[in-house]
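If you want the building blocks of each chain, they are given just below.
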Amino acid sequence: MSLLLVALQSLGGLLLLAIIQLLWTYFTTPLKNIPGPFFAKFTNLWRFFDTYGGRPELTHQLLHKKHGSVVRLGPNVVSISDPKYLRVIYNTRGDYLKSDFYTVNDTKVGSQIIKNVFSTLSNEFHSAALRPIQKFYKMSAVLAQEPLVDDTIHAFFKHLDERFVDTGKTCKIDEWMLFFSWDVIAQMTFKRPMGFMDEGRDHTGILHTANQALDYFATIGQIPALDHWLAKNPVRPIGPPSFDSAAVFCAQQVMERKQSGSNASGTPDMLDGFLEMQKVNPAVTDMDLIGALIINIVAGADTTASLLRASVYHVLKNPRVHKRLMEELDSSKLATPVTYAAATVLPYFDAIIRETGRIGPGVGLLLERIVPEGGLALSDGNVIPAGTIVGMNPYVVHQDKEVYGEDAASFNPDRWLRDVESGEEENDFQARFSRMKATDLTFGAGKRICLGKSIALMQVYKAITTLFLTYDMSLADPNKEWHVQNSWFIRQSDIDIKIQRRKVTKA
Ligand code: HEM
């Protein structure tokens, strides 16, 4: 028998085994009655390619429209859209652990796998990592850093003036929101911007690396086992470039601060707090500090940029909303930069930010969790067995018509306000508002809710109000749609605007 024939027979044998295994899974799984795309029932390659396509949130919306509130996205993966399961899956006990998807976010240094607050699946590791740093992320602590955000807003506007207002050039506000958000979180973290605004470009390549890392995370995360053979390959890692330069930058800040004793003057930054914590608890190593600093940068910049861009885009796309916002801002007689406290009591502006987070949340995939012992009992009598990956996609849950109304697909900040014209009573409004808030997954929910929510909100509320008070802005082409890429974080581009100083205020 020729060698070729043996090889072909072996290949045929393997193929047959694979087909038998797929059929076995298909017919024996307790999930077989859950509807979903045909190929998704056999293999995770279906969701791998869907995510690779760049708009999985649209696919998930369509599938739920077609099949209802429970949809199978993989042999062992179920997407749920009914808000009544939100507090079950994302409860504060944390017994629905994160799935292996998140392990793709671990980093590998030498042969060591380094977990972080976001990526860990373990409640014990999570509590230990969070305990010493949690207090720095509370709104009260974040507000102490407001002057650092003001400084960055001033720097941002100086660049907008010089590069666009004075020259009349079109501004790629999507890029500038990204430069601002990386610089502002670096300013709050170690009182030193990353320098993107000064350079007006990705001079270190970190932004490009971050995009590649997210593309990898989102896609490979659909089949996490692949990560062991790619980025975490023991012989030769194959994957996106690492965040080495960001880590080096963070390490430099720690070393310099330790040498100089304290940050030069004025407002303490987060690094000051972290170093104090290390003094009290010497078990906290420099590596722990650097890890916490990197999380700020890599989890906090792209996400906030996404909400900043979306807020500007939606307002400029909707002239009626724009006009009403300007009326509210002008009548409030606010000094600039607007304080966080002043921005939060502007009802229409607050409604715009809530609506922006609802219609286009910054995270666009399932927030995957593992069903614990006992299974997940559905109201139709079915039970999703323990070990199944379940999750909700904020883009799907936020479209629930029972909670958000028949017009849930459109951008309408008014839904967050009392409908006085239609005679809505205050009690009814409060009940409707609470329900909408309870269904809001913009920052996740439960034990693993976003650590940086207060930081993000402070930046967004201040920056957007001050931006609209200071500048007249319009889309360069009002008919052009932005470009959206969903790589776990939602990355928008192609938002070109015309920008001029307003006559009434000067920041
Ligand atoms: C508008 C901006 C932001 C959005 C939309 C956002 C969204 C989210 C979401 C949806 C989660 C939950 C993920 C899950 O359950 O799978 C999350 C977790 C997390 N976020 Fe944010 N985030 C934002 C800003 C920030 C900032 C500024 C920081 C840090 C400074 C941050 C740090 C984290 C961390 C560390 C986690 C993991 C928490 C845990 O697992 O316990 N985020 N974020």
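Residues numbered from 1 in each chain as written. Predicted model: local features only at pLDDT ≥ 70, side-chain atom pairs only at ≥ 80, totals over all residues. Heavy atoms only, no water.

Identification of the chain as Cytochrome P450 monooxygenase from Lachnellula occidentalis is taken from an unreviewed UniProt entry. In its Cofactor (unreviewed entry) section, the UniProt entry covering the chain states "heme". (UniProt positions renumbered as here; feature names shortened; annotations may be inferred.)

**Q** Before we go on, may I ask you to explain the overall build of the chain in this structure?
**A** Of the regular secondary structure elements, the chain holds 21 helices and 13 strands. Computed over the C-alpha atoms, the radius of gyration of the chain is 24 Å, within 12% of the 23 Å expected from 2.2 N^0.38 for a compact globule of 507 residues. Within the chain, buried positions represent 52% of all 507 residues. Within the structure as shown, the chain displays about 23,600 Å² of accessible surface, and the carbon and sulfur contribution to it stands at 59%. For the chain, the distance from the average site of its 54 positive side-chain charges to the average site of its 54 negative ones is 2 Å. (Helix = DSSP H or I, 4+ residues; strand = E, 2+ residues; numbered from the N terminus. Rg over C-alpha atoms; globule rule 2.2 N^0.38 Å. Buried < 20%, exposed > 50% of the residue type's maximum accessible area, 1.4 Å probe, protein only. Areas by Shrake-Rupley, 256 points an atom, 1.4 Å probe, with all protein chains shown as cover. Lys, Arg positive; Asp, Glu negative; His and termini not counted. Charge placed at Lys NZ, Arg CZ, Asp CG, Glu CD.)

**Q** What is the right way to look at the site of the ligand in this model?
**A** Near the ligand lie 27 residues; those nearest to it are Tyr102, His126, Arg369, Arg448 and Cys450. In the environment of the ligand, an oxygen atom lies 3.4 Å from a nitrogen or oxygen atom belonging to the backbone of Val117. A distance of 2.8 Å separates an oxygen atom of the ligand from a polar side-chain atom of Arg369. Residue assignment for the shell around the ligand shows that the elements contributing at least two residues are helix H14 (286–317) and helix H21 (453–470). It is H14 that contributes the most residues to the shell around the ligand, seven residues altogether. Each residue belonging to the shell around the ligand can be placed in one class, and the counts come to 16 nonpolar, eight polar and three charged. (Near = heavy atom within 4 Å. Polar contact = N/O pair within 3.5 Å; in protein donor to acceptor, adjacent residues only side chain to side chain. Nonpolar A, V, L, I, M, F, W, Y, C, P; charged D, E, K, R; others polar.)

**Q** Would you mind going over unusual backbone geometry with me for this structure?
**A** Glycine aside, negative phi is the norm for most residues, and most peptide bonds take the trans geometry. In the segment running from Thr336 into Pro337, the intervening peptide bond is cis, with an omega of -10 degrees. In this fold, Pro337 is placed in the loop between helix H15 (319–331) and helix H16 (340–344). Of note, the phi angle at Lys333 is positive, near 50 degrees, even though the residue is not glycine. Topologically, Lys333 is positioned in the loop between H15 and H16.

**Q** Would you take a moment to explain the coordination of the iron atom of the ligand for this structure?
**A** Around a metal, the idealised angle for a tetrahedral arrangement of four donor atoms is 109.5 degrees; for an octahedral arrangement of six donor atoms it is 90 or 180 degrees. For the iron atom of the ligand, the sole protein-derived donor is Cys450 (SG), lying 2.3 Å away. Here Cys450 is to be found in the loop between helix H20 (426–438) and H21. (Donors = N, O, S within 2.8 Å, 3.2 Å for Na, K, Ca; no water.)

**Q** So what exactly am I meant to see when it comes to the UniProt feature "binding site: heme" (unreviewed entry) in the chain here?
**A** Sites flagged by UniProt as "binding site: heme" (unreviewed entry) map to Cys450. Residue classification places Cys450 among the partly exposed positions, given a relative accessible area of 33%.

**Q** In this structure, what is going on with a nonpolar patch on the surface? I would like to understand it.
**A** Together, Leu15, Ile19, Leu23 and Phe27 make up a nonpolar patch on the protein surface, roughly 400 Å² of accessible area in all. Counting through the fold element by element, Ile19 comes out in helix H1 (residues 3–28). Of the residues examined, Ile19 reaches a relative accessible area of 43% and is grouped as partly exposed. (Patch = residues over 30% accessible without salt bridge, like charges linked within 9 Å, V, L, I, M, F, W, Y side chains within 5 Å. Salt bridge = Lys/Arg side-chain N within 4 Å of Asp/Glu carboxyl O.)

**Q** I'm lost on the pattern of salt bridges in this one. Help?
**A** Close approach of charged atoms allows side chains with opposite charge to pair. Scanning all chains against the criterion turns up 32 salt bridges. The partner of Arg257 in a salt bridge is Asp272, with the nearest N and O atoms 3.0 Å apart. Remark: Asp272 occurs in helix H13 (residues 270–280) and Arg257 occurs in helix H12 (residues 244–260); sequence separation between them is 15 residues. Residue Arg324 pairs with Asp414 through a salt bridge whose shortest N-O separation is 2.8 Å. Here Arg324 is found in helix H15, whereas its partner Asp414 is found in the loop between helix H19 (401–404) and H20, with 90 residues between them in sequence. Given a relative accessible area of 32%, Arg324 falls into the partly exposed group. Where salt bridges share partners, they join Glu355, Arg358, Asp407 and Arg415 into one cluster.

**Q** Got a minute to help me understand the environment of Leu226 in this structure?
**A** Mapped onto the elements of the fold, Leu226 is located in helix H11 (residues 225–229). Remark: the alpha-carbon pair of Leu226 and Ala18, spanning 208 residues in sequence, is separated by 18 Å. Sequence-distant contacts of Leu226, defined by excluding residues within four places in its chain, comprise Phe48 and Ile220. (Contact = heavy atoms within 4.5 Å.)

**Q** How do you make sense of the packing of aromatic side chains when you look at a structure like this?
**A** Following the criterion strictly, the structure yields 26 aromatic pairs and no others. Considering the side-chain rings of Phe190 and Phe249, the 5.5 Å spacing of their centres and the 70 degrees angle between planes classify their relative orientation as edge-to-face. Placement of the pair is Phe190 in helix H8 (residues 173–190) and Phe249 in helix H12, with a sequence separation of 59 residues. No difference in accessibility class separates Phe190 from Phe249, as the two residues are buried. Stacked on the ring of Tyr102, the Lys or Arg Lys98 has its end atom at 4.3 Å from the ring centre. Residue placement shows Arg358 over the ring face of Tyr404; its charged tip is 5.3 Å from the ring centre. (Phe/Tyr/Trp six-rings, centres within 6.5 Å; stacked < 30°, edge-to-face > 60°. Lys NZ or Arg CZ within 6 Å of the ring centre and 35° of its normal.)

**Q** Got a minute to help me understand H13 in this structure?
**A** Burial analysis of H13 places eight of its 11 residues in the buried class, which makes it a mostly covered element. Listed in full, the buried residues belonging to H13 are Met270, Leu271, Asp272, Gly273, Phe274, Leu275, Met277 and Gln278. Residues of H13 that are buried sit in contact with H8, H12, H14 and H21. Backbone nitrogen of Leu271 and a side-chain oxygen of the N-cap are separated by 3.3 Å at the start of H13; the cap is Asp269.

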